Amino acid sequence: MGFGDLIWVFFVFAMLQPMIRQRLLIMARQRKIAQIQAKRGSRVISLVHRQETMRLLGFPLVRYIDMDDSEEVIRAIRETDPATPIDVVLHTPGGLVLAALQIARALDRHPAKVTVMVPHLAMSGGTLIAMAADEIVISPHAVLGPIDPQIGGMPAASLLKVVADKPIAEIDDQTLVFADVGRKAIEQVRRAAQELLADPLGAERAAAVAEKMTGGTWTHDYAITPDEARDLGL
């Protein structure tokens, strides 16, 4: 075997090794899901976004909640018997509000108990999904996050503050447009959160929590600890 052949062997191995590792990981996860379902008598749905989806030569592809996720999760919910509890294993940095809200509303309407399990983090849209659960089981070191909308990579609440604090003549048109969209986005997400939290918390408490979670109280990557989540009523 010549040097050129060795290069080709290395190249083929480099392409196949991440796919084999990914396949083994999927199989291990499926076995664990089957064990949980058998033990709890539930339907387990996993929404896990990690740097595991490999491309050429093993470069990771970062994943977020998207419309494909909402289609797959909602399909799984619809296929679950109404009397069967659902356990959602949730590990995500967040993603599209529309996709997260579709998942959350589908879980909220499932007749049987819905439990969201957070082993490490469920930020942003992940927290919005968790709000639909009857129970959130969160690891002692895991975190949730604020659900304040981001517009053009900037916090919507901060854009509104710029418009409120600065003379209108000194604000460029793009910032004004972003602020207008941000105001609408905050109101839409706030109403959605209030809707999801109304049953467990009551209308008044749900409104207060929704306001705090969407209004820019914290930075978007603020880590809400299990104790803070409990104080909020989540």
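Every chain is numbered independently, its residues counted from 1 as its sequence is written. Local features in a predicted model are, by the rule used here, given only for residues with pLDDT of at least 70; side-chain atom pairs are given and counted only at 80 or more, and totals for whole chains, interfaces and linings are based on all residues. Computation of side-chain values covers all heavy atoms of the structure but excludes hydrogens and water.

Another aspect to go through is helix α5 (residues 156-165). The set of residues buried in α5 consists of Ala156, Ala157 and Leu159. Seen end-on, α5 carries its buried residues on one side only, within an arc spanning 160°. When the buried face of α5 is taken as reference, the exposed residues oriented beyond 90 degrees from it are Lys161 and Asp165. The criterion used for residue contact is that any of the two residues' heavy atoms lie within 4.5 Å. Helix numbers and strand numbers start at the N terminus; a helix is a DSSP run of H or I with at least 4 residues, a strand a run of E with at least 2. On its buried face, α5 sits against β7 (150-151), β8 (154-155) and α6 (173-201). Accessible area is worked out with a 1.4 Å probe on protein chains only. A residue is then buried under 20% of its type maximum, exposed over 50%, and partly exposed in between. This arc is built from the directions going out from the helix axis to the C-beta atoms.

The next point concerns helix α7 (residues 203-214). Over its 12 residues, α7 extends 16 Å from the first C-alpha to the last, a length consistent with the 16 Å expected when each residue adds 1.5 Å. Of the positions making up α7, those classed as buried are Ala206, Val209, Ala210, Met213 and Thr214. Considered in projection along α7, the buried side chains sweep an arc of 115° and stay on one side of the axis. Residues of α7 that are buried sit in contact with α4 (125-130), α6 and α8 (226-232). Downstream of α7 by a residue or two, Gly216 has a phi angle that is positive, lying close to 85°. By definition here, a helix of n residues has an expected span of 1.5 Å times n minus one.

Considering the arrangement of structural elements, one finds Thr127 in helix α4. Thr127 gets classed as buried once you look at its relative accessible area, which sits at 1%. When near neighbours in sequence (up to four residues on either side) are disregarded, Thr127 contacts Ala122, Leu144, Gly145, Ile147 and Met213.

We call a set of buried residues a nonpolar core when its members are Ala, Val, Leu, Ile, Met, Phe, Trp, Tyr or Cys and they connect through side-chain atoms within 4.5 Å of each other. Residues Leu90, Leu107, Ile129, Met131 and Met213 are the most contacted members of the largest nonpolar core, which totals 43 residues. With near-sequence residues (within four places) excluded, Leu90 lies in contact with Leu47, Val116, Met117, Val118, Pro119, Leu121, Ala122, Gly126, Ile129 and Ala130. With 7 residues, the next largest nonpolar core counts Ala156, Leu159, Ala179 and Ile186 among its residues.

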